[in-house]
Amino acid sequence: MAVLTESELIQIRRHLHEIPELALQEKETHDYLLKIIKGFNSEFLTIKVPEELPTAILVLIKGSNPQRTIGYRTDIDALPVEEKTNLPFSSTHPGIMHACGHDIHMSVALGLLSYFSENQPKDNLLFFFQPAEESESGGKKAYEDGIFEGKFKPDEFYGLHDNPELPAGAIGCREGTLFAGTTEVNIDLIGKGGHAAFPQNANDTVVAAASLIMQIQTVISRSIDPIQSGVITLGKVRAGTIRNVIAGQTRIEGTIRGLTQKMILQIDQRLQDLCEGIARSYNMKVNLELNQGGYWPVENNPELTKNFINYMKNNPEVDFVETKPKMTGEDFGFLLAKFPGTMFWLGVGDPDSQLHSATLNPDKKSIIRGVNAIKGFLINRMGI
């Protein structure tokens, strides 16, 4: 197979869009990707399917005079969303959709891989087709399972995310944090239930929870540098069964978003302090569970990102946009905490929709424009 053409990439993307699969269930997607990859020129290629993560694919392209191994990651899973685009290539899997554009991500990666399989790069290139980005922390699983060892260890790592707000093919990036890190928050307050008419014989967890919720609102405003940014949202509270019974248990569920790992740990500690204070003040048990998983902040490496931005800014064929950080999460942040690298946006020109929406419909022109921009950058990077 020669280098994939734009029309071939569009057809590949459409087929991938038809077969979305959830985290760690990407069997059909994996098999389709592997079939295409095995059709490329294999002279410089080593393909690995790790036993520990069987829907992942690693492809190493051996460089002609390697000074480093440059990693490129694409995610392959989809979301539990019922598609409403009415496209002729809509999802054939009920209740599942590529509503975050991972079909675009994969198509761009295949375009790059096909080019460099026919045009041997100077440095080694490592392509990582990663399962389970939307949930299950696939990047963290891959790292902890040891799949980036030996010749499959990247010296630096790059990855993109599509952005419907940017014009098709535009590249967006920034120094510092691109995506926030996220932590799931679960708080269980355990007191003593009782009759509404006899509060002195009970220990009301609703009152304690109300106090805790209000105190948590001060964490961002009084414990975090106002020049920086963080979010705590408590989106679910569950307590009681009927109006005339004091609730002996209350559960609060929420999420933390922070732009640096240091900030997230600081917020975590303040939550712990507040929960301990409520437990003492109301004489009840308060259990706090914090689960960050692999969704660390996407903190771009300063030197590599400055180089990336300079290349994109100075390339007359690239529409470059300096972007602001987003409070959404992305599990590439965990890998960037282990390997230096850069994440960036690829515009897909669908401003009327947003990521995770049932109507997301990326512009097909973004695929080849993304391939060309990233291909040019990688060639430039290998010359430095």
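None of these values were measured; they are calculated from a predicted model. (Residues numbered from 1 in each chain as written. Predicted model: local features only at pLDDT ≥ 70, side-chain atom pairs only at ≥ 80, totals over all residues. Heavy atoms only, no water.)

**Q** Provide a residue-level description of the overall build of the protein, including the pertinent values.
**A** Helix and strand counts for the protein come out as 9 helices and 16 strands. Against the globule reference of 21 Å for 384 residues, the protein gives a C-alpha radius of gyration of 24 Å, in line with a compact fold. C-alpha extents for the protein along the principal axes are approximately 80 × 45 × 40 Å. Of all 384 residues assigned to the protein, the portion counted as buried reaches 55%. In the protein, once contacts between residues fewer than 6 apart in sequence are set aside, the share between residues at least 24 apart is 81%. Surface summary for the protein: the accessible area is close to 16800 Å², and the carbon and sulfur share equals 48%. On the protein, the mean spot of the 37 positive side-chain charges and the mean spot of the 47 negative ones are 4 Å from each other. (Helix = DSSP H or I, 4+ residues; strand = E, 2+ residues; numbered from the N terminus. Rg over C-alpha atoms; globule rule 2.2 N^0.38 Å. Buried < 20%, exposed > 50% of the residue type's maximum accessible area, 1.4 Å probe, protein only. Contact = heavy atoms within 4.5 Å. Areas by Shrake-Rupley, 256 points an atom, 1.4 Å probe, with all protein chains shown as cover. Lys, Arg positive; Asp, Glu negative; His and termini not counted. Charge placed at Lys NZ, Arg CZ, Asp CG, Glu CD.)

**Q** How would you sum up the environment of Thr-69? Please name residues and give values.
**A** Structurally, the position occupied by Thr-69 is in strand 3 (residues 69–75). A relative accessible area of 7% means that Thr-69 is categorised as buried. If near-sequence neighbours (up to four positions away) are discounted, Thr-69 is found in contact with Leu-60, Asn-124, Leu-126, Lys-153, Pro-154, Asp-155 and Glu-156. Engagement of the side chain of Thr-69 in a polar contact is seen with the side chain of Asn-124, the distance being 3.4 Å. (Polar contact = N/O pair within 3.5 Å; in protein donor to acceptor, adjacent residues only side chain to side chain.)

**Q** Please set out the pattern of salt bridges residue by residue, giving values where relevant.
**A** A complete count under the given rule lists 15 salt bridges for this structure. Across the pair Arg-68 and Glu-156 runs a salt bridge whose closest N-O atoms are separated by 4.0 Å. Within this pair, whereas Arg-68 is found in the loop between strand 2 (57–61) and strand 3, its partner Glu-156 is found in strand 5 (residues 156–163), the two being separated by 88 residues in sequence. Across the pair, Glu-156 and Arg-68 agree in class, each one buried. Notably, a salt bridge pairs Glu-144 with Lys-140, separated by 3.0 Å at the nearest N-O pair. Residue Glu-144 and its partner Lys-140 are both found in helix 4 (residues 138–144); the two are separated by 4 residues, about one turn of the helix. (Salt bridge = Lys/Arg side-chain N within 4 Å of Asp/Glu carboxyl O.)

**Q** For the nonpolar core, give the residues involved together with the corresponding values.
**A** Core analysis: the largest hydrophobic core is formed by 53 residues, its most contacted members being Tyr-72, Val-108, Leu-110, Phe-127, Phe-129, Ile-171 and Met-312. The leading source of residues in this core is helix 3 (residues 102–118), at 9 residues. In this view, Val-108 contacts Tyr-72, Leu-160, Leu-346, Ile-367, Gly-370, Val-371 and Ile-374; residues no more than four positions away in its chain are not counted. Leu-212, Ile-232, Ile-256 and Val-286 belong to the second-largest nonpolar core, a separate cluster that totals 24 residues. (Core = buried A, V, L, I, M, F, W, Y, C linked by side-chain atoms within 4.5 Å.)

**Q** Explain the domain arrangement of the protein to me, using residue names and the numbers behind them.
**A** Here the protein is described as being made up of domain 1 (6–178 + 297–382) and domain 2 (181–291). The C-alpha-based centres of domain 1 and domain 2 are spaced at 38 Å. Contact residues are listed per partner, giving 8 residues for domain 1 and 11 residues for domain 2. Roughly 680 Å² of surface becomes buried between domain 1 and domain 2 when both sides are summed, with 67% attributable to carbon and sulfur atoms. Joining domain 1 to domain 2, the criterion identifies 3 residue pairs in polar contact (both at pLDDT 80 or more). Grouping the amino acids of the side of domain 1 that touches domain 2 by side-chain chemistry returns 3 nonpolar, 3 polar and 2 charged. (Domains from an automatic or database assignment. Buried area = accessible area lost by both parts, 1.4 Å probe. Nonpolar A, V, L, I, M, F, W, Y, C, P; charged D, E, K, R; others polar.)

**Q** Got a sec to walk through the sheet that holds strand 16 (residues 341–347)? Specific residues and values, please.
**A** The strand order 1-2-4-3-5-16-6-15 describes an open sheet built from 8 strands, whose pairing is mixed. Edge strands, defined here as strands with exactly one partner in the open sheet, are strand 1 (45–48) and strand 15 (320–322). Each neighbouring strand pair of the sheet contributes to a mean axis angle of 25°, computed without reference to strand direction. Summarising the sheet, strand 2 and strand 4 (residues 124–130) pair through 5 bridges and their orientation is antiparallel. Across the sheet, Leu-60 pairs through a bridge with Leu-126, a residue of strand 4. Here helix 3 sits on the sheet in contact with strand 1, strand 2, strand 3, strand 4, strand 5 and strand 16, set at roughly 145° to strand 3. (Pairing = 2+ DSSP bridges. Axes fitted to C-alpha atoms, helices over the stretch in contact; angles between N-to-C directions.)

**Q** Before we move on, could you go through the side chain of Asn-203 and cite the residues and values that matter?
**A** Tracing the sequence through the fold places Asn-203 in the loop between strand 9 (194–195) and helix 5 (205–223). A polar atom in the side chain of Asn-203 sits 3.1 Å from the backbone oxygen of Tyr-282. Here Asn-283 takes part through its backbone oxygen, which lies 2.9 Å from a polar atom of the side chain of Asn-203. Leave out the neighbours within four places in its chain, and Asn-203 touches Gly-191, Lys-192, Ala-247, Tyr-282, Asn-283 and Met-284.

**Q** Requested: an account of the UniProt feature "domain: Peptidase M20 dimerisation" (unreviewed entry) in the protein, with residues and values cited.
**A** Sequence positions flagged by UniProt for "domain: Peptidase M20 dimerisation" (unreviewed entry) are, in local numbering, residues 182–281. The span residues 182–281 carries 40% helix and 33% strand; its end-to-end C-alpha distance comes to 29 Å. (UniProt positions renumbered as here; feature names shortened; annotations may be inferred.)

**Q** Describe the packing of helix 2 (residues 27–37) against helix 3, with residues and values.
**A** Two elements in contact, helix 2 and helix 3, have axes whose closest approach is 11 Å; the angle formed by their N-to-C orientations is 20°. Here helix 3 runs roughly parallel to helix 2, going by the angle between their axes. Judged by the sense of rotation from one axis to the other, the crossing of helix 2 with helix 3 is right-handed. On helix 3, the residues that touch Thr-29, Leu-33, Ile-36 and Ile-37 of helix 2 are Met-106, Leu-110 and Leu-113. Among the residues making up the contact of helix 2 with helix 3, the classes are represented as 6 nonpolar, 1 polar and no charged. (Parallel < 35°, antiparallel > 145°, perpendicular 65-115°, else oblique. Left-handed = near helix turned anticlockwise from the far one by under 90°.)

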